[in-house]
Amino acid sequence: MSSIGIIGAGHVGCALAFDLSERGNDVILRTMAGHPGNTPKILDNNGFLNATGQFQGSVPVRVAQGASNLTESIVLIAIPSTGIDQVLDELAAHDLSNKILIFITGNSAAIKAHMATNAKAIMETATSPYSSRVSADGSISVRGIKKRLALSVLAHEARDEDKAQVAALFRMPVEWCSNVLQTFLSGVNGVVHVPTALMNLGWMETTNGDFYFYRQGMSPGVCSVIEALDKERLAVAAAYNVSIKSVVETYNANYGTNEATFRDFVDKTVAHNSTKGAQKRFLDQDVPYWLVLCAELGLRAGVPTPSIDTMIILASILTGTDYKSTGNTLKSLGLDNATVEEVSRAFRGGDMGDVYVDAKNQAMAVL
């Protein structure tokens, strides 16, 4: 039986914990100080996690706080991007030379982890393996299971057997990306969630999110804006010679559908239309940790991103936060003065020479 660590006891962490435990793994669900997530409900349930929806039943899950006594050889980090720095601060104090870190969803967290830790290999996904939510009673409701999982590696040291061991953790096929930049730009939450939230703000504030975010929130007009952002995402990827799918191709591949347009998908998807509600993370995570970096990548490569820039400005006005200054930037990754080629090398994690040394020193000063 393998021992797997999961940092984060929210929607994704609990779904991972149930799935892995049900398939015979010894799961340790870890939380950071001040962020217990769903662990109090699990402890109240005598250490068992219940599941509904695509998963059914109850499994035992061990709970621990922090990264002390970290004996697991594979650690999955399934937390909002807003908590990554806190996790890295703690992980940096440990010898991780025999451990694999996997960030779900990464949003380029692998870059910071590569600079802050000595982990044997660092990986990140483009999306969560599931569409899932923690219910009020502490159970995990899994509404959809992805048909594939895009995953990338940032380290020389990852061997074929390491990749095979990681791939075996997931019940869906793993598609190995060529680098972390491909994984990052394959993420579509920023181009889908942010314009929908901003263009439905009145409805969200009036009804407290009492509507179907996909089927009702993503009207034909909103989908036109989503597609405009997506064209810019595709253009940025092309500038860095990264091959990615369009937004409708991504959702079709993830959920095994064959819809002609994104509007067709959002109107018919069961996984996304089973419950109502919009989440705060659609702005405070997807804007600073995805849109801002995508726009910066475009600017560095000479690719205009006016639609993405507009979303960042509107979200900044709404929240009173200057996301272009506080978000995930090339500077925060230690790549403030890097060329397009040097940025690409940094996202590959190898053969970086002086650029890597300078970037690591800059990034450690930011952490």
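Model, not experiment: these values are computed from the prediction. (Residues numbered from 1 in each chain as written. Predicted model: local features only at pLDDT ≥ 70, side-chain atom pairs only at ≥ 80, totals over all residues. Heavy atoms only, no water.)

## A closer look at the pattern of salt bridges
According to the stated counting rule, one finds 15 salt bridges in the structure shown. The partner of Arg23 in a salt bridge is Asp19, with the nearest N and O atoms 2.9 Å apart. Residue Arg23 is classed as partly exposed on the basis of its relative accessible area, which comes to 31%. The exposure class of Asp19 is buried, given its relative accessible area of 0%. As a salt-bridge pair, Asp26 and Arg62 come within 2.4 Å of each other at their nearest N and O atoms. Of this pair, Asp26 sits in strand S2 (residues 26-31) while Arg62 sits in strand S5 (residues 62-65), and the two are 36 residues apart along the sequence. The exposure class assigned to Asp26 is partly exposed, which follows from its relative accessible area of 21%. Via salt bridges that share partners, Asp19, Glu22, Arg23 and Arg171 belong to a single interconnected network. (Salt bridge = Lys/Arg side-chain N within 4 Å of Asp/Glu carboxyl O. Buried < 20%, exposed > 50% of the residue type's maximum accessible area, 1.4 Å probe, protein only. Helix = DSSP H or I, 4+ residues; strand = E, 2+ residues; numbered from the N terminus.)

## Observations regarding the pairing of strand S11 (residues 149-153)
Most of S11 sits inside the fold, with five of its five residues counted as buried. On S11, burial covers both faces: Leu149, Leu151 and Val153 on one face and Ala150 and Ser152 on the other are all buried. Pairing of strand S8 (residues 121-125) with S11 involves three bridges; the strand directions are antiparallel. Bridging across to S11, Thr125 finds its partner in Leu151. Direction of pairing for S11 relative to strand S12 (residues 174-176): parallel, over a ladder of three bridges. Note that in S12 the partner of Ala150 across the bridge is Glu175. (Pairing = 2+ DSSP bridges.)

## So, the confidence of the model for the protein
Scored by pLDDT, the protein comes out at a mean of 90, with 93% of its residues at no less than 70. Averaged pLDDT values over the elements of the protein bottom out at 47 in helix H17 (residues 353-366) and peak at 98 in helix H9 (residues 220-239). Across residues 351-357, where pLDDT falls below 50, the model places nine contacts with residues more than four positions away in sequence or in other chains. (pLDDT = per-residue confidence, 0-100. Contact = heavy atoms within 4.5 Å.)

## Quick look at the packing of helix H7 (residues 189-199) against helix H14 (residues 306-319)
Between H7 and H14, whose axes approach to 11 Å, the crossing angle comes to 50°. When the axis of H7 is compared with that of H14, the two are oblique. Here H7 and H14 pass one another in a crossing that is left-handed. Contacts between H7 and H14 involve Val194, Pro195 and Leu198 on the former and, on the latter, Met311, Leu314, Ala315 and Leu318. For the contact of H7 with H14, the class distribution of residues is seven nonpolar, no polar and no charged. (Axes fitted to C-alpha atoms, helices over the stretch in contact; angles between N-to-C directions. Parallel < 35°, antiparallel > 145°, perpendicular 65-115°, else oblique. Left-handed = near helix turned anticlockwise from the far one by under 90°. Nonpolar A, V, L, I, M, F, W, Y, C, P; charged D, E, K, R; others polar.)

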